[in-house]
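# Coordinates in review
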Amino acid sequence: MWNWVHQLSEWAREDTTFAVVTVTECKGSTPAPPGAKLLVRADGTFHGTIGGGHLEQLVLQDARACLARGEARTFRYPLGAKLGQCCGGVVDVFVEPVNHGPQLYLFGAGHVGQALCRILEGTPFRVHLVDERAEWVQSPLVPASVVRHEEPWDDFASRAVWDDARTYVAVMTHRHDVDQDIIAFAIQKPARYIGLIGSDTKWARFRQRLEAKGMPARQVGRVQCPMGLPTGGKSPQEVAVSIAAGLLQLHHGLAPGLAQEAGAQPAPAPLLSSGE
């Protein structure tokens, strides 16, 4: 049997979206036994086999459809003339997407950033915390489930996986010039959400500078600043609660996505000028 566990681990570490296909039951004559597996990426790359032929091609097609919808489900395939196979048996498979949940790229491990990490613990979000300051990103106040990146923001961003359905970005570093550089980079990448912590005044200045550099207004208009839902609270913990609520609302389909049109205005939210 091929080492599917090793391949699964490798793809999981890469944050690659893929599906695990498992043969759960066989009746009659079938080309693969229960437990046979395929690992399938959205681009059609796969490892393993459940017997080949038209059956396998159809399973690959159905697995990619599951990935597109982000759903797990079972399928039953009678191996008759319709599939171009004459085995006469029936194969049941289970398709389960992996790494399909939302990924938050959180730039800045200050007080709000650390609080946001704690609040998102136990939610669908996998948090990547990015900060080159060891004393902040390695803080014991950050949950163990958070993926820590003690490095410059551009080193992380240049190799990160950017996806218009799964990628969420929250920018809250300790320096406004770094915030602006990150935003300028992120608005050119696929992402479902790009948020910047700060006031309306901070964002007005950023918008003016970005547009002066030739950034299209449509791209600049994707940024949400201030972030979060209006709660009235201004402490780091309260601001983090409002940001987490907004992220979860968007993920669960209860809020509109990015502001797509130039000039679109984000909803009001608690103000905070710094990630610290």
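Residues numbered from 1 in each chain as written. Predicted model: local features only at pLDDT ≥ 70, side-chain atom pairs only at ≥ 80, totals over all residues. Heavy atoms only, no water.

With that out of the way, let us pick up the overall build of the protein chain. Scanning the protein chain for helices and strands turns up nine helices and eleven strands. Taken over 276 residues, the protein chain has a buried fraction of 47%. Partitioning the intrachain contacts of the protein chain with sequence separation of at least 6 by distance along the chain shows that 63% fall at a separation of at least 24. About 12800 Å² of surface is accessible on the protein chain, with carbon and sulfur atoms providing 53% of the total. (Helix = DSSP H or I, 4+ residues; strand = E, 2+ residues; numbered from the N terminus. Buried < 20%, exposed > 50% of the residue type's maximum accessible area, 1.4 Å probe, protein only. Contact = heavy atoms within 4.5 Å. Areas by Shrake-Rupley, 256 points an atom, 1.4 Å probe, with all protein chains shown as cover.)

It is the contact of helix α3 (residues 111–119) with helix α9 (residues 236–251), at a shortest axis distance of 8 Å, that shows an interaxial angle of 55°. As summarised for this structure, α3 and α9 are arranged oblique, according to the angle between their axes. α3 and α9 meet at a crossing whose hand is right-handed. Taken together, the residues of α9 that come into contact with α3 (itself represented by H111, V112, A115, L116, R118 and I119) are P236, Q237, V239, A240, V241, I243 and A244. Classifying every residue of the contact of α3 with α9 gives ten nonpolar, two polar and one charged. (Axes fitted to C-alpha atoms, helices over the stretch in contact; angles between N-to-C directions. Parallel < 35°, antiparallel > 145°, perpendicular 65-115°, else oblique. Left-handed = near helix turned anticlockwise from the far one by under 90°. Nonpolar A, V, L, I, M, F, W, Y, C, P; charged D, E, K, R; others polar.)

Glancing now at the pairing of strand β5 (residues 90–98). In terms of strand pairing, strand β1 (residues 18–27) meets β5 through nine bridges, oriented antiparallel. Its bridge partner being in β5, V23 is matched across the sheet by V93. Inspection of the sheet shows strand β4 (residues 73–78) paired to β5 by six bridges, in the antiparallel sense. Bridge assignment links T74 to a residue of β5, and that residue is F94. (Pairing = 2+ DSSP bridges.)

Turning to α3, a few remarks are in order. Side chains of residues three or four places apart in an α-helix project in the same direction, reflecting 3.6 residues per turn. Considered for burial, the residues of α3 that qualify are V112, G113, Q114, A115, L116 and C117. In this fold, the buried residues of α3 make contact with β6 (103–107), β7 (126–130), α4 (134–137) and α9.

Strand order across the open sheet formed by six strands is β8-β7-β6-β9-β10-β11, with parallel pairing between neighbours. The open sheet is flanked by β8 (147–149) and β11 (223–224), the only strands paired with a single partner. Each of β6, β9 (167–171), β10 (193–196) and β11 touches helix α6 (residues 176–186); the most contacted strand, β10, lies at about 165° to it. Each of β6, β9 and β10 is contacted by α9, which is oriented at about 165° to β9, the strand it contacts most.

Moving on: the packing of aromatic side chains. Enumeration according to the criterion identifies nine aromatic pairs in this entry. Seen in terms of ring centroids, Y105 and F156 are 5.1 Å apart; in terms of plane orientation they differ by 90°. Their pairing is edge-to-face. You can see Y105 sitting in strand β6 and its partner F156 sitting in helix α5 (residues 153–159), a full 51 residues away along the chain. An identical accessibility class is assigned to Y105 and F156; each is buried. (Phe/Tyr/Trp six-rings, centres within 6.5 Å; stacked < 30°, edge-to-face > 60°.)

The subject of this paragraph is unusual backbone geometry. Residue P226 is reached from C225 by a cis peptide bond, and omega for that bond is 0°. The residue P226 is located in the loop between β11 and α9 in this model. With phi around 60°, N99 is a residue other than glycine that occupies positive phi space. Inspection of the secondary structure puts N99 in the loop between β5 and β6.

The final tally for this structure, using the stated rule, is seven salt bridges. With a shortest N-O distance of 2.7 Å, R76 and D92 are connected by a salt bridge. Residue R76 is found in strand β4, and its partner D92 is found in strand β5; the two are separated by 16 residues along the sequence. Under the relative-accessibility criterion, D92 is labelled buried at 11%. Two residues, R175 and D177, come together in a salt bridge whose shortest N-O distance is 2.6 Å. (Salt bridge = Lys/Arg side-chain N within 4 Å of Asp/Glu carboxyl O.)

In terms of strand pairing, β1 meets strand β2 (residues 37–41) through five bridges, oriented antiparallel. Counterpart to A19 in the pairing with β2 is V40.

Glancing now at the sheet that holds strand β3 (residues 46–48). The antiparallel open sheet is built from five strands, whose spatial order is β3-β2-β1-β5-β4. The sheet is open, and its two edges are formed by β3 and β4, each paired on a single side. Each neighbouring strand pair of the sheet contributes to a mean axis angle of 20°, computed without reference to strand direction. The strands touched by helix α1 (residues 4–13) are β1, β2 and β3; relative to β2, the strand with the most contacts, the crossing angle is about 20°.

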